[in-house]
Amino acid sequence: MSARPLIRLAVLAASLAALIGCGKNLPTSVIVPTGYRPGTPPGAISGSVSFDPAYPGLDVAPFPRVLAELHKYKVGGRGEQDSVGALVESRVLGGASTDFSFTGVMPGTYIIQFRADHAFRGVDRAPIFVELDPVRLSNIVLPAEIESLSIATYVVGTMPGFSLDDAFLNGTTSMTQDALGLWTYPDLLFGYTPIAAGTYRFKFVTDFSSTPGHLIGWGGDSTVTLTAPVTNAPVRYASGPAEDIKVTIPSTGNWSFTLDERRLTFSITPAPATAAIAARARTPR
C-alpha cells in the first residue's frame, strides 16, 4: 500500500475518534435538571387591601395611603418565636388602587406588613410560602383605629371671622363629623361666615393649646399656594406657620371645607346655591 492511502486511513480514524469523544456534548445527550434552577422565573405575591366598613365611603377611590412591606420570615421552632427578617421590597398603595404585586420573589417564607398613615391599625400577613407558582392572598382588611381620630376640629386662619376666639369661644368655625373621620364646615348650628377674595393661611385646628402664630392640627406646606376650589389635597398633622395651608380664595362668598382623616385629604368648594341662600350669613369682624 502506498503512503497516500495510509494517510487517508489515519485521518479517517482520527475523525471517528473525535466524534466518539465529543458525543457527551451533543445537545441530545445533555441531562435536563428538574426543579428550581437559574433562569427559571421566580415566584410572585399579589393581593388587595380594603378598609374597615366602620368608615363609610372607602370602597371607592381615592383610597387611603397604605405602605406594604415584604420581609423575609422565619417560622420559629419549639420554644422559639417567629421573627421578621430583612426588608425585601415595599409598595405604596392607595389613591387610585389598593392592589399590590411583588414579582421576582425567590422561593422562601415571607411576611407582608401593611401600615396606614392614620386612622387604621396595622395588619401582618404571614407566613407566606413562595415556591415557583404565583401566590394570591385573600383580601386584607385594615381595621379602624377610631381612638386616633380628632375629638373636635375647627377651621382657623387669617380669614376674618376664623380666629381662635371665633373657634374656641364662639364655636362659629367648628366642623361637624358627618361620619367617623369625615369633617365638614360649616356646622349646621352656625352656618357660613363669608370669606372675602384673597390669599390666606389656615389649619384644621384640633389642639386647644394653639396660639395665633402657632396653630396645631392638620396642615400642609406653606411654600405652596393652592387656589380654591381644592379637591382631595393632602394634609399632615403639624404645628407652626411653616406647615399652615396657604390658599387663594378667588371670589368673595361662602365656602365649604371638608377634612377627611381617613384619606388625609381636604377640599374647599363653593357653597351650594341653596345652602348659601338658607345660611345665616354673618359679617366678619
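Look above for the structure.
Attention in this report is confined to the structure presented alongside it. Quick caveat, the model's predicted, so the values are computed rather than measured. (Residues numbered from 1 in each chain as written. Predicted model: local features only at pLDDT ≥ 70, side-chain atom pairs only at ≥ 80, totals over all residues. Heavy atoms only, no water.)

1. A look at the sheet that holds strand 19 (residues 265-270)
The strands that make up a sheet pair up through hydrogen bonds in the backbone, lying either parallel or antiparallel.
And step 1. Spatially, 5 strands are ordered 10-11-18-19-15 in an open sheet, and the strand pairing comes out antiparallel. Two strands bound the open sheet, and with one partner strand each, they are strand 10 (176-179) and strand 15 (230-234). Geometrically, the sheet is characterised by an average inter-axis angle of 25 degrees between neighbouring strands, direction not taken into account. (Pairing = 2+ DSSP bridges. Helix = DSSP H or I, 4+ residues; strand = E, 2+ residues; numbered from the N terminus. Axes fitted to C-alpha atoms, helices over the stretch in contact; angles between N-to-C directions.)

2. Topic: the pattern of salt bridges
And step 1. Applying the stated criterion across every chain yields a total of 10 salt bridges.
And step 2. The partner of D124 in a salt bridge is R115, with the nearest N and O atoms 2.9 Å apart.
And step 3. Judged by its relative accessible area of 40%, D124 falls in the partly exposed class.
And step 4. The residue R201 makes a salt bridge to D244 at a minimum N-O spacing of 3.5 Å. Residue R201 is found in strand 12 (residues 198-205), and its partner D244 is found in the loop between strand 16 (236-239) and strand 17 (245-249); the two are separated by 43 residues along the sequence.
And step 5. Of the residues examined, R201 reaches a relative accessible area of 29% and is grouped as partly exposed.
And step 6. Given a relative accessible area of 8%, D244 falls into the buried group.
And step 7. Each member of the salt-bridge network shares a partner with another, and the members are R121, E145 and E147. (Salt bridge = Lys/Arg side-chain N within 4 Å of Asp/Glu carboxyl O. Buried < 20%, exposed > 50% of the residue type's maximum accessible area, 1.4 Å probe, protein only.)

3. Digging into the environment of G240
And step 1. Tracing the backbone shows G240 in the loop between strand 16 and strand 17.
And step 2. G240 sits 28 residues away from P212 along the chain, and the two C-alpha atoms are 9.6 Å apart.
And step 3. Ignoring anything within four residues of it in the chain, the contact list for G240 reads K203, H214 and L215. (Contact = heavy atoms within 4.5 Å.)

4. Some thoughts on the packing of aromatic side chains
And step 1. Tallying each qualifying case throughout the model produces 18 aromatic pairs.
And step 2. Taking the centre distance of 6.4 Å and the plane angle of 20 degrees together, the rings of F51 and F63 count as stacked. With F51 in strand 1 (residues 43-51) and F63 in strand 2 (residues 63-74), this pair connects stretches of sequence that are 12 residues apart. Considered together, F51 and F63 belong to a single accessibility category, that of buried residues.
And step 3. Centroid distance F168 to F208: 4.3 Å. Interplanar angle 25 degrees. Geometry classified as stacked. Of this pair, F168 sits in helix 2 (residues 164-170) while F208 is found in the loop between strand 12 and strand 13 (216-219), placing the two residues 40 residues apart along the sequence.
And step 4. Three or more aromatic residues joined by ring pairs form one cluster here, namely F162, Y185, Y192, F202, F204, F257 and F266. (Phe/Tyr/Trp six-rings, centres within 6.5 Å; stacked < 30°, edge-to-face > 60°.)

5. A look at the side chain of R262
And step 1. One can find R262 in the loop between strand 18 (255-260) and strand 19.
And step 2. Here R262 falls in the buried class, since its relative accessible area comes to 2%.
And step 3. A distance of 3.2 Å separates a polar atom in the side chain of R262 from the backbone oxygen of P56.
And step 4. Separated by 2.5 Å, the side chains of R262 and D260 make a polar contact. (Polar contact = N/O pair within 3.5 Å; in protein donor to acceptor, adjacent residues only side chain to side chain.)

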